[in-house]
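If you want the building blocks of each chain, they are given just below.
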Amino acid sequence: MIIVHAVADERAVVRGWRLAGESVALVPTMGALHAGHMALVAAAKAQADRVIVTIFVNPTQFGAGEDLASYPRKDLDDLAMLQVAGVDLVVMPTVAEMYPDGFATKVRVEGLTSVMDGAARPGHFDGVTQVVAKLLNQAQADWAYFGEKDWQQLAVVRRMVADLDLPVEIVGVPIVRAEDGLALSSRNAYLSAAQRVVAARFNVILASATAQVLAGMGGSQACGLAVEALGEAGFDKVDYVECRDAASLRTVELPLAGQARIFGAVHLGRARLIDNIAV
Ligand code: PAF
């Protein structure tokens, strides 16, 4: 497994693969890898001759007062997992490599970024699109893999790639859950044992809202009941629970099965958790 820190070195490796006629897949991450990330790697390995994983905690997608400084960093563990998984190249750029002095370019997707996490975390998706545009350009991969836990991020990245004619196919990979249903996330590491028990209720409550919508209840009523249930379950704050079209992210009141998803974001202690379930 090759490890590089400079974009020029990444490009040199990829150029060699391309000359040999090999296909390339990219898995962008912020590290602190778990089985959810490894599912992205497995999907990439199944598709491409060569797999690149990037590890970069991107400062521009964190708001003031968010957890940039404390975001879990586990480079040695991450590298060991990637080696076992048979990854070909790991790119670990510094902040100065990604955003050198004089950096002045923003990449903004309108519309999709104004709701849910875009409303709760102003500027977050501008940071995501800025860094993902760079990571895609740097790797020049055939495919790039993103988890469906961050469904809105996936929708925003797809929009950006289509709008900017970026020559890469974006692949979504289903959510990986713990045995109790909690979606895996690097931020689950912030939860105490007691909070971890409460956290497991998140997916259960979203699933019951989904079942209520399928049984004919309006989306806003089912989501309102879920917000109440989350408060009673012990979550500190609910940013949103919303029933939205899976592609346009517009709210849907009485969706057809398969058309919509129920999305939620909650705070519990230091952790902010997000999840979503297909209706
Ligand atoms: O989902 C993530 O881990 C990040 O938002 C990403 C896509 C790696 C960009 O920093």
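Below: a short report on this structure. From a predicted model like this one, the values you see are computed outputs, not experimental measurements. (Residues numbered from 1 in each chain as written. Predicted model: local features only at pLDDT ≥ 70, side-chain atom pairs only at ≥ 80, totals over all residues. Heavy atoms only, no water.)

## Looking at the pairing of strand β8 (residues 260-268)
Logical step 1: Burial of β8 is extensive: eight of the nine residues sit out of reach of the surface.
Logical step 2: Across eight bridges, strand β7 (residues 237-245) lies against β8 in antiparallel orientation. Bridge pairing links Asp 245 to Ala 260 in β8.
Logical step 3: Pairing between β8 and strand β9 (residues 271-278): eight bridges, direction antiparallel. By the bridge assignment, Val 266 is partnered in β9 with Leu 273. (Buried < 20%, exposed > 50% of the residue type's maximum accessible area, 1.4 Å probe, protein only. Helix = DSSP H or I, 4+ residues; strand = E, 2+ residues; numbered from the N terminus. Pairing = 2+ DSSP bridges.)

## Brief notes about the sheet that holds strand β4 (residues 89-91)
Logical step 1: One open sheet holds the six strands; their spatial order is β1-β4-β3-β2-β5-β6, and the pairing between them is parallel. For this open sheet the edge positions go to β1 (2-4) and β6 (169-173), each flanked by a neighbour on one side alone. Averaged over neighbouring strand pairs, the angle between their axes works out to 25 degrees when direction is ignored.
Logical step 2: Sheet strands in contact with helix α3 (residues 75-84) are β1, β3 (50-55) and β4, and its direction is about 170 degrees off that of β3. (Axes fitted to C-alpha atoms, helices over the stretch in contact; angles between N-to-C directions. Contact = heavy atoms within 4.5 Å.)

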